[in-house]
There are 2 protein chains.
Amino acid sequence: MTSPLKLGVAGLGTVGAGVVSLLRANADLITARAGRPIEVVAVSARDRGRDRGVSLDGLAWHDDPVELATAPGLDAVVEVMGGSEGPARALVEASLAAGRPVVTANKALLATHGVALARLVEKTGATLAYEAAVAGGIPAIKALREGLAANRITRVAGILNGTCNYILTEMRVKGLPFATVLKTAQELGYAEADPGFDIDGVDAAHKLAILAALAFGRPVDLDALHIEGIRHVSALDIALAGELGYRIKLLGIASQEKGGVTARVHPCMVPEASPLAAVEGVFNAVLAEGDAVGRVVLQGRGAGAGPTASAVVADIIDLARGRTAPLWGAASETLDASPALPMAAHRGAYYLRLMVLDQPGVIADVTAVLRDARISLESMLQRGRAPGEAVPVVLVTHECEEAQMSQALTRLAGLPTVVEPPAMIRIEAL
Amino acid sequence: MTSPLKLGVAGLGTVGAGVVSLLRANADLITARAGRPIEVVAVSARDRGRDRGVSLDGLAWHDDPVELATAPGLDAVVEVMGGSEGPARALVEASLAAGRPVVTANKALLATHGVALARLVEKTGATLAYEAAVAGGIPAIKALREGLAANRITRVAGILNGTCNYILTEMRVKGLPFATVLKTAQELGYAEADPGFDIDGVDAAHKLAILAALAFGRPVDLDALHIEGIRHVSALDIALAGELGYRIKLLGIASQEKGGVTARVHPCMVPEASPLAAVEGVFNAVLAEGDAVGRVVLQGRGAGAGPTASAVVADIIDLARGRTAPLWGAASETLDASPALPMAAHRGAYYLRLMVLDQPGVIADVTAVLRDARISLESMLQRGRAPGEAVPVVLVTHECEEAQMSQALTRLAGLPTVVEPPAMIRIEAL
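Residues numbered from 1 in each chain as written. Chains lettered and ligands numbered in written order. Predicted model: local features only at pLDDT ≥ 70, side-chain atom pairs only at ≥ 80, totals over all residues. Heavy atoms only, no water.

- Labelled according to an unreviewed UniProt entry, chain A appears under the name Homoserine dehydrogenase, originating from Roseococcus suduntuyensis.

Below is the structure:
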């Protein structure tokens with residue numbers, strides 16, 4: 001047996017404790033698969049006294065995580081503190097600068113500093129592995145970067161946030177409003193007390209930026225991403241989507257278009273027969289389309305101690321075996337520099353739901369707005385009758401440009417007979 | 001730029017020509033991802049004159065593929081001839097013996113000679129890569145062997161044969177009998193003129209043996225596999241499955257049980273909400289359950305020039321990057337030797353469909369047989385009324401042992417009022 005791979009683990013929250021536990025629980029097979037034993041020898045966390053369900057006996061304790069970058073006797077560092085700045089960033093940069101490999105689950109760090117990190121690892125030759133940063137236990141990074149490496153990827157998409165997918169699933173199955181389901185999700189621990197990072201789409205955007213960088217060989221500027229969350233998705237729209245044969249999912253989608261790359265996170269209607277429609281609850285999915293392989297879809301648990309630790313330890317086993325890849329799949333000098341396209345240039349079909357006064361002439365006004373914006377209708381559905389009161393009108397459009405739709409939405413919202421801001425959800429034939 | 005990786009390709013059928021085409025079409029990004037150019041410099045095939053849609057100008061031609069094992073100037077060999085014996089086996093063994101790495105799509109070879117090949121690569125240190133052997137373009141080998149390497153896998157299952165899945169899908173969607181759909185599949189090139197290898201489950205069994213070897217660290221003896229094909233699946237059973245909320249799929253399933261490993265290929269009824277139920281047509285899927293990650297499902301195209309070449313070239317890029325893994329995920333000395341369990345020990349629920357004479361007392365006879373075999377019923381469904389003629393009776397059982405079911409089937413087939421051999425399909429809650 002060769003010498004063990006010695007690790008320092010920074011962060012002992014759910015994920016960090018999960019990594020330590022998994023390395024111990026499956027030590028026999030991990031040793032066999034890694035070709036050598038893997039040992040945690042040092043740790044760093046905020047509170048030394050807290051019971052985390054794992055024994056820290058015999059492990060060196062560092063109050064300052066950045067010490068793990070250069071502490072003697074370590075072969076690699078596991079960074080599971082999180083955050084794009086502060087000690088996580090300092091530790092990762094210091095480790096890589098010292099030539100020490102890092103395994104991280106830190107999506108914000110990768111999404112925010114992807115270009116600089118690629119240059120750093122190329123300079124020092126140290127590996128930065130981040131399978132756990134996207135879609136938890138699903139080996140999506142490995143699939144895209146290695147498994148589909150022969151392909152020109154044309155599109156990558158996914159259900160990348162389990163909190164949002166849980167909320168949308170519960171809203172659909174139980175017919176409940178967003179706020180009620182969010183509250184339950186918080187009680188169950190599926191949503192944070194401050195849920196904005198998840199439900200406003202920021203977390204999914206970080207993950208999409210990473211997938212897009214891998215798919216298109218080009219770190220995507222987070223500022224160029226169009227990001228919408230799920231706060232405005234109503235139980236009524238979910239029910240109407242079902243009647244039309246769709247399910248509403250928060251998707252991250254990046255695609256290679258003629259003039260550049262588009263990357264966007266927003267609620268979508270996907271056909272019920274789509275492989276993404278069947279991915280429910282806290283599960284995640286990643287879809288990739290390549291010129292040789294066609295469409296590949298991976299699904300599994302996107303969060304939680306076990307799935308995330310599974311991904312972190314897979315990276316550690318790769319390190320032990322000497323399996324590495326360039327941070328974004330290819331040397332940064334070869335990375336494409338095609339520009340990010342604005343959301344206004346997006347083309348697609350749209351679902352619109354208006355609350356209108358049930359009176360003669362309303363439909364004529366609405367359809368005139370769409371005609372003026374050169375948007376053609378695929379179908380229209382008026383529900384219920386309540387003369388003089390508000391009733392929903394659903395419009396499904398043929399493909400048009402986002403810029404046309406924005407213009408139409410502004411005018412529709414201004415019609416005197418439209419009594420609520422229009423609901424708009426993009427339709428994706430994924 | 002470092003020196004190119006020089007390849008000899010043995011076999012220029014659909015897959016071989018696809019590999020040569022893909023390496024040329026995506027040479028720019030493959031070079032960037034591999035870190036060096038990849039060049040086919042020698043080929044071997046049966047007929048030198050045949051037009052394969054790819055230029056062979058400038059390539060060395062070998063009439064005998066085994067020459068590629070030692071021909072000078074090659075860094076690796078791509079074996080895409082197929083077959084567990086003959087020139088394919090001779091080439092792979094000679095290459096590995098000479099220390100020359102091999103990339104293959106040969107499932108029969110891996111499934112039949114897995115243990116001997118593992119010993120050979122350990123002796124010589126040469127890599128044998130086989131991503132394309134299972135599920136075409138889906139990076140299932142990489143996912144199991146590397147992506148989920150931290151997990152104790154408890155079960156692996158999949159839709160592993162696109163021909164069967166196409167036939168079952170068409171039968172369901174169009175309500176057509178097996179023979180009619182098979183004929184169409186043959187005309188479309190989805191089934192061979194001699195379709196037995198696919199429709200009798202042999203091809204799926206080879207792939208399952210490979211997945212099981214990876215999942216449980218233990219090559220599975222093909223003779224220990226229970227193999228049933230889809231010839232006996234009727235359009236009536238497919239329709240009745242739909243009424244019960246199931247779809248019929250040919251699955252390969254291997255699982256770790258208390259006393260050993262079970263591995264079996266047979267038609268299954270899976271719940272319509274199962275991620276496997278939605279995998280239709282020529283698509284394949286691989287499902288794995290690990291103790292840390294939970295359930296992961298991968299789906300994509302399981303055959304064809306593009307998807308298979310995608311997997312072969314991914315292996316070539318791994319070779320160029322120096323990424324390797326032990327053949328079955330761990331050194332063969334560490335491989336588990338838990339025994340294969342017989343099918344008689346399988347436990348599960350069953351669907352039975354009997355054609356019985358519509359006369360008093362029949363149901364009492366049938367249920368008495370089940371009672372005597374200690375099999376309890378979950379539900380029973382009698383369709384149609386035609387006094388004195390044959391009508392279908394459907395029985396869904398609770399979980400019981402295969403041995404009990406076999407005993408009951410023999411007795412049911414012998415009842416004078418049961419006018420056709422009973423149809424039995426196992427139910428899998430996957």
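1. Details of the overall build of chain A
Step number 1: Across its full length, chain A carries 13 helices and 17 strands.
Step number 2: A globule of 430 residues ought to have a C-alpha radius of gyration of about 22 Å, and chain A, at 24 Å, matches this closely.
Step number 3: Here the C-alpha coordinates of chain A stretch approximately 80 × 45 × 35 Å along the principal axes.
Step number 4: Within the span of chain A, comprising 430 residues, buried residues form 60% of the whole.
Step number 5: Partitioning the contacts of chain A with sequence separation of at least 6, the portion at a separation of at least 24 is 74%. (Helix = DSSP H or I, 4+ residues; strand = E, 2+ residues; numbered from the N terminus. Rg over C-alpha atoms; globule rule 2.2 N^0.38 Å. Buried < 20%, exposed > 50% of the residue type's maximum accessible area, 1.4 Å probe, protein only. Contact = heavy atoms within 4.5 Å.)

2. What to know about the packing of helix α5 (residues 140-147) of chain A against helix α5 (residues 140-147) of chain B
Step number 1: At a minimum axis separation of 10 Å, α5 of chain A and α5 of chain B run at an interaxial angle of 125°. Here α5 of chain A is positioned oblique relative to α5 of chain B, judged by the angle of their axes. Between α5 of chain A and α5 of chain B lies a crossing whose hand is right-handed. On the side of α5 of chain A, the interface is formed by Lys142, Glu146 and Gly147 of chain A, while α5 of chain B contributes Lys142, Glu146 and Gly147 of chain B.
Step number 2: Across the contact of α5 of chain A with α5 of chain B, the residue classes break down as no nonpolar, 2 polar and 4 charged. (Axes fitted to C-alpha atoms, helices over the stretch in contact; angles between N-to-C directions. Parallel < 35°, antiparallel > 145°, perpendicular 65-115°, else oblique. Left-handed = near helix turned anticlockwise from the far one by under 90°. Nonpolar A, V, L, I, M, F, W, Y, C, P; charged D, E, K, R; others polar.)

3. Points about the UniProt feature "binding site: L-homoserine" (unreviewed entry) in chain A
Residues and elements named next belong to chain A.
Step number 1: UniProt annotation of "binding site: L-homoserine" (unreviewed entry) refers to Glu192 when read in the numbering used here.
Step number 2: Its place among the elements puts Glu192 in the loop between α7 (178-188) and α8 (196-199).
Step number 3: In this structure Glu192 touches Gln186 and Asp198, once residues within four positions along its chain are discounted. (UniProt positions renumbered as here; feature names shortened; annotations may be inferred.)

4. Details of helix α6 (residues 162-174) of chain B
The periodicity of an α-helix, 3.6 residues per turn, causes residues three or four positions apart to be oriented the same way.
All names here are of chain B.
Step number 1: The terminal C-alpha atoms of α6 lie 18 Å apart, and with 13 residues this matches the ideal 18 Å at 1.5 Å per residue to within 8%.
Step number 2: The element α6 is largely enclosed, with a buried count of 10 among its 13 residues.
Step number 3: Listed in full, the buried residues belonging to α6 are Gly162, Thr163, Cys164, Asn165, Tyr166, Ile167, Leu168, Thr169, Glu170 and Met171.
Step number 4: Where α6 begins, the side chain of Asn161 points an oxygen toward the backbone nitrogen of Thr163, at a separation of 3.2 Å.
Step number 5: Following α6 by one or two positions, Gly175 has its phi on the positive side, about 65°. (Expected span 1.5 Å × (residues − 1). Polar contact = N/O pair within 3.5 Å; in protein donor to acceptor, adjacent residues only side chain to side chain.)

5. Describing the relation of the copies chain B and chain A
Step number 1: Take chain B, turn it by 180°, move it 0.0 Å along the axis, and it overlays chain A with an RMSD of 0.0 Å. With respect to symmetry, the two chain copies, as superposed, fit the operation of a two-fold axis.
Step number 2: Here 100% of the interface residues in chain B have copies in chain A that are interface residues too; the copies meet face to matching face. (Least-squares fit on C-alpha atoms with pLDDT ≥ 70 in both.)

6. Comments concerning the interface of chain B and chain A
Step number 1: Each partner contributes to the interface: chain B provides 49 residues, whereas chain A provides 49 residues.
Step number 2: Here chain B packs against chain A, burying approximately 3,900 Å² in sum over the two surfaces, 54% of which is carbon and sulfur.
Step number 3: Our count for the contact surface shared by chain B and chain A stands at 6 salt bridges.
Step number 4: Linking chain B with chain A are 20 residue pairs in polar contact (both at pLDDT 80 or more), by the criterion used here.
Step number 5: Counting only elements with at least two residues in the side of chain B that touches chain A, the list comes to α1 (14-25), α2 (27-34), α5, α9 (202-216), β12 (294-301) and α11 (305-321) of chain B.
Step number 6: It is α11 of chain B that contributes the most residues to the side of chain B that touches chain A, 8 residues altogether.
Step number 7: Residue classes in the side of chain B that touches chain A are distributed as 27 nonpolar, 11 polar and 11 charged. (Buried area = accessible area lost by both parts, 1.4 Å probe. Salt bridge = Lys/Arg side-chain N within 4 Å of Asp/Glu carboxyl O.)

7. Overview of the UniProt feature "active site" (unreviewed entry) in chain A
Step number 1: Here the UniProt-annotated "active site" (unreviewed entry) positions come out as Lys207 of chain A.
Step number 2: Within polar-contact distance, the side chain of Lys207 of chain A engages the side chain of Asp203 of chain A at 2.7 Å.

8. Some points on the sheet that holds strand β3 (residues 60-61) of chain A
Residue and element names in this part refer to chain A.
Step number 1: Strand order in the open sheet formed by 6 strands is β3-β2-β1-β4-β5-β6, and the pairing between neighbours is parallel. Looking at the sheet topology across the chains shown, the edges are occupied by β3 and β6 (128-129).
Step number 2: Where strand β2 (residues 38-44) lies against β3, 2 bridges are found, and the strand directions are parallel. In the strand pairing of β3, Val43 is matched with Trp61. (Pairing = 2+ DSSP bridges.)

9. Quick notes on the domain arrangement of chain A
Step number 1: Assigned domains of chain A: these are domain 1 (5-133), domain 2 (140-301) and domain 3 (344-427).
Step number 2: Using C-alpha coordinates to define each centre, domain 1 of chain A is positioned 51 Å away from domain 3 of chain A. (Domains from an automatic or database assignment.)

10. Some thoughts on the nonpolar core
It is characteristic of soluble globular proteins that their nonpolar side chains tend to be buried jointly.
Step number 1: Grouped together as the largest cluster of nonpolar side chains are 166 residues, with contacts concentrated most on Ile167 of chain A together with Ile167 of chain B.
Step number 2: Aside from chain neighbours lying at most four places away, what touches Ile167 of chain B is Phe178, Val181, Leu182, Ala185, Ile199 and Ile230 of chain B.
Step number 3: Counting 38 residues, the second-largest nonpolar core is a separate cluster that includes Leu29, Val80 and Ala129 of chain A together with Ala150 of chain B. (Core = buried A, V, L, I, M, F, W, Y, C linked by side-chain atoms within 4.5 Å.)

11. With respect to the environment of Met343 of chain B
All names here are of chain B.
Step number 1: Structurally, Met343 can be placed in the loop between α11 and β13 (347-357).
Step number 2: Met343 sits in the buried class, given a relative accessible area of 15%.
Step number 3: Taking the C-alpha atoms as reference points, Met343 and Leu287, 56 residues apart in sequence, are found 21 Å from one another.
Step number 4: Not counting the four nearest positions on each side in its chain, Met343 is found in contact with His226, Arg264, His266, Glu402 and Arg426.

12. Some points on the sheet that holds strand β3 (residues 60-61) of chain B
All names here are of chain B.
Step number 1: Taking strand neighbours across the sheet as the criterion, the 6 strands line up as β3-β2-β1-β4-β5-β6 in an open arrangement whose pairing is parallel. Because the sheet does not close on itself, it has two edges, and the strands there are β3 and β6 (128-129).
Step number 2: Where strand β5 (residues 102-104) lies against β6, 2 bridges are found, and the strand directions are parallel. When the sheet's bridge partners are listed, Val102 is paired in β6 with Leu128.

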